[in-house]
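Listed below, chain by chain, are the residues.
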Amino acid sequence: MKTVILKRGKEESLLRFHPWVFSGAIHQLEDGIEEGDVVRVLTAKGDFIATGHYQEGSIAVRVLSFEDEPIGDTFWLRRLADALEARKAIGLTDNPQTTAYRLVHGEGDMLPGLIVDIYGQTAVMQAHSIGMHKARHQIARQLTEVMEGRIAHIYYKSETTLAFMEPENGYIVGGSSENTATENGLRFFADWEKGQKTGFFVDQRENRALLEHYARGRSVLNMFCYTGGFSFYALRGGARLVHSVDSSAKAIELTRRNVALNFPDDPRHEAFCEDAFKFLDTTLSYDLIVLDPPAFAKHRAALHNALKGYTRLNAKAFEKIAPGGILFTFSCSQVVTKEHFRNAVFTAAAQARRQVRILHQLHQPADHPVNIYHPEGEYLKGLVLYVN
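As the structure is a prediction and not an experimental result, all values here were calculated from the model.

Conventions used here
- Residues numbered from 1 in each chain as written.
- Predicted model: local features only at pLDDT ≥ 70, side-chain atom pairs only at ≥ 80, totals over all residues.
- Heavy atoms only, no water.
- Core = buried A, V, L, I, M, F, W, Y, C linked by side-chain atoms within 4.5 Å.
- Buried < 20%, exposed > 50% of the residue type's maximum accessible area, 1.4 Å probe, protein only.
- Helix = DSSP H or I, 4+ residues; strand = E, 2+ residues; numbered from the N terminus.
- Contact = heavy atoms within 4.5 Å.
- Axes fitted to C-alpha atoms, helices over the stretch in contact; angles between N-to-C directions.
- Left-handed = near helix turned anticlockwise from the far one by under 90°.
- Nonpolar A, V, L, I, M, F, W, Y, C, P; charged D, E, K, R; others polar.
- Salt bridge = Lys/Arg side-chain N within 4 Å of Asp/Glu carboxyl O.
- Patch = residues over 30% accessible without salt bridge, like charges linked within 9 Å, V, L, I, M, F, W, Y side chains within 5 Å.
- Areas by Shrake-Rupley, 256 points an atom, 1.4 Å probe, with all protein chains shown as cover.
- Pairing = 2+ DSSP bridges.
- Phe/Tyr/Trp six-rings, centres within 6.5 Å; stacked < 30°, edge-to-face > 60°.
- Expected span 1.5 Å × (residues − 1).

Enquirer: Kindly report on the nonpolar core, identifying the contributing residues and their values.
Expert: The biggest cluster of nonpolar side chains holds 34 residues, and the ones touching the most others in it are Tyr119, Phe188, Leu288 and Phe328. Of all the secondary structure elements, the ones that give two or more residues to this core are β13 (186–189), α5 (205–214), α6 (229–236), β17 (286–291) and β18 (321–331). Looking at this core element by element, the count peaks at five residues for α6. Residues contacting Leu288, with those up to four places away along its chain left out, are Leu211, Tyr214, Ala215, Arg218, Ser219, Val220, Leu221, Ile326 and Phe328.

Below is the structure:
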């Protein structure tokens, strides 16, 4: 392994086990280092401190280990086995009612730059760093061994996360046309070949189950519905009507398929391909509204405009929700903190002059763990509000 030498005093965050080395902390790179290489990180005094993947950009090294060890089959096997044990501990690996879950969550599983979602017999692997992209086949071999027959196929998908590299996508183990999975007894299609992320947003599993508890007898609006997850949970919960809205025609088609998979020909559901803000300008009123938009801010420079967007969106929802209504509202923007988001929602409530109580404060589920040394991993935040 080639070496990266830090500037004096820049090892402090690594001594606290934070898994990133920023480019501004680097004093010297050894000649010949290429993007995706595994490198040893040394202090200004020459002491070893970490091993990780090098990549050009603001995050220059993503730390794989704080031990001076080779990064090969044994390493990948150990890390993947540890991730699997954590999912066993929370009861996700052998549950026939839920066959979709996240097996590897980047820094949360000490594998920064790697995502692995399980959909039945298929694992969908996504690289967010060049180093993980280069190691994909090695990781896939160890993943197959660790899962011990739980999976038969591995689909690699990184065209959106590493678009500048134009990585090939497709099955690197097996191959299957079966793309359905189960979540809390409900079935859905996961479009890992052409859909967003890995094909389904498994991070909302527990929040969807909570919405089901509140749905009985209510009219439900599911904004930014994508795959329709909240919609078919609402139907099972006994909602009297459910409207699903998304600006993407493909998302609306997927929502209709997922609803039909669970509730064929159910007259309570209707889907609309329309802009969220335009739809909220209609005269309709709802007893329960879900706001689960895509990330409004993907970097800190966009934070101010993102908070204005969250305020505007939630103010529209407060205008449309009936007295005694329930609002599920979310942000998946990593740079938007819980405090930022709450303030934006509270500003919206004040603008709409509604009385609002917090019933639940929501977050990502246990299969999307947050590394205690990497608080930036806490990206999903949500509020369930009772609105008078």
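Enquirer: Can you tell me about the packing of α5 against α6, naming the residues and giving the values?
Expert: It is the contact of α5 with α6, at a shortest axis distance of 8 Å, that shows an interaxial angle of 35 degrees. In this structure, the crossing between α5 and α6 has a hand that is right-handed. Touching Arg205, Asn207, Arg208, Ala209, Leu211 and Glu212 of α5 are Gly229, Phe230, Tyr233, Ala234 and Arg236, all from α6. In the contact of α5 with α6, the residues fall into five nonpolar, two polar and four charged.

Enquirer: Summarise the pattern of salt bridges; cite the residues concerned and give the values.
Expert: The final tally for this structure, using the stated rule, is 13 salt bridges. For Asp367, the salt bridge is made with Arg205, and the minimal N-O distance between the two is 2.9 Å. Here Asp367, found in the loop between β19 (356–363) and β20 (381–387), pairs with Arg205, found in helix α5; they are 162 residues apart in sequence, far enough to count as distant. No difference in accessibility class separates Asp367 from Arg205, as the two residues are buried. Where Asp281 meets Lys316, a salt bridge forms, and the shortest distance between an N and an O atom there is 2.3 Å. In this pair, Asp281 is assigned in the loop between α8 (276–280) and β17 and Lys316 in helix α9 (residues 303–320), connecting sequence segments 35 residues apart.

Enquirer: Could you give an account of a nonpolar patch on the surface, with specific residues and numbers?
Expert: A contiguous nonpolar surface patch, about 340 Å² in accessible area, is contributed by Phe17, Ile372 and Tyr373. When you line up the elements, Phe17 lands in the loop between α1 (12–15) and β2 (20–22). Its relative accessible area of 38% is what places Phe17 among the partly exposed residues.

Enquirer: If you had to explain the sheet that holds strand β10 (residues 153–156) to someone new, which residues and values would you point to?
Expert: Taken in spatial order, the five strands make up an open sheet running β7-β8-β9-β10-β11, and their pairing is mixed. In the strand order of this sheet, the two ends are held by β7 (100–105) and β11 (170–173), each with one partner. Ignoring strand direction, the axes of neighbouring strands in this sheet form an average angle of 25 degrees. Two elements, strand β8 (residues 114–119) and strand β9 (residues 122–127), share six bridges in a ladder whose sense is antiparallel. Across the sheet, residue Val116 finds its bridge partner in β9, namely Met125.

Enquirer: Give a description of the packing of aromatic side chains that names residues and reports values.
Expert: All chains considered together, the criterion is met by 15 aromatic pairs. Relative to Tyr373, the ring of Phe17 has its centre 5.2 Å away and its plane inclined at 55 degrees; by these criteria the two rings are tilted. A residue pair is termed long-range when its members are at least 10 positions apart, and Phe17 in the loop between α1 and β2 and Tyr373 in the loop between β19 and β20 qualify at 356 residues. The exposure class of Tyr373 is partly exposed, given its relative accessible area of 42%. With a centroid separation of 3.8 Å and an interplanar angle of 10 degrees, the aromatic rings of Phe188 and Phe200 are classed as stacked.

Enquirer: Provide a residue-level description of the environment of Glu11, including the pertinent values.
Expert: Structurally, Glu11 can be placed in the loop between β1 (2–6) and α1. Taking C-alpha positions, Glu11 is 49 Å from Arg354, a pair spaced 343 residues apart along the chain. If sequence neighbours within four positions are ignored, Glu11 has contacts with Leu6, Thr43 and Ile49.

Enquirer: Could you give an account of α9, naming the residues involved and the relevant values?
Expert: Relative to the 26 Å expected for 18 residues at 1.5 Å per residue, α9 spans 26 Å between its end C-alpha atoms, a close match to the ideal helical length. Taken across its 18 residues, α9 has 13 buried, putting it largely inside the fold.

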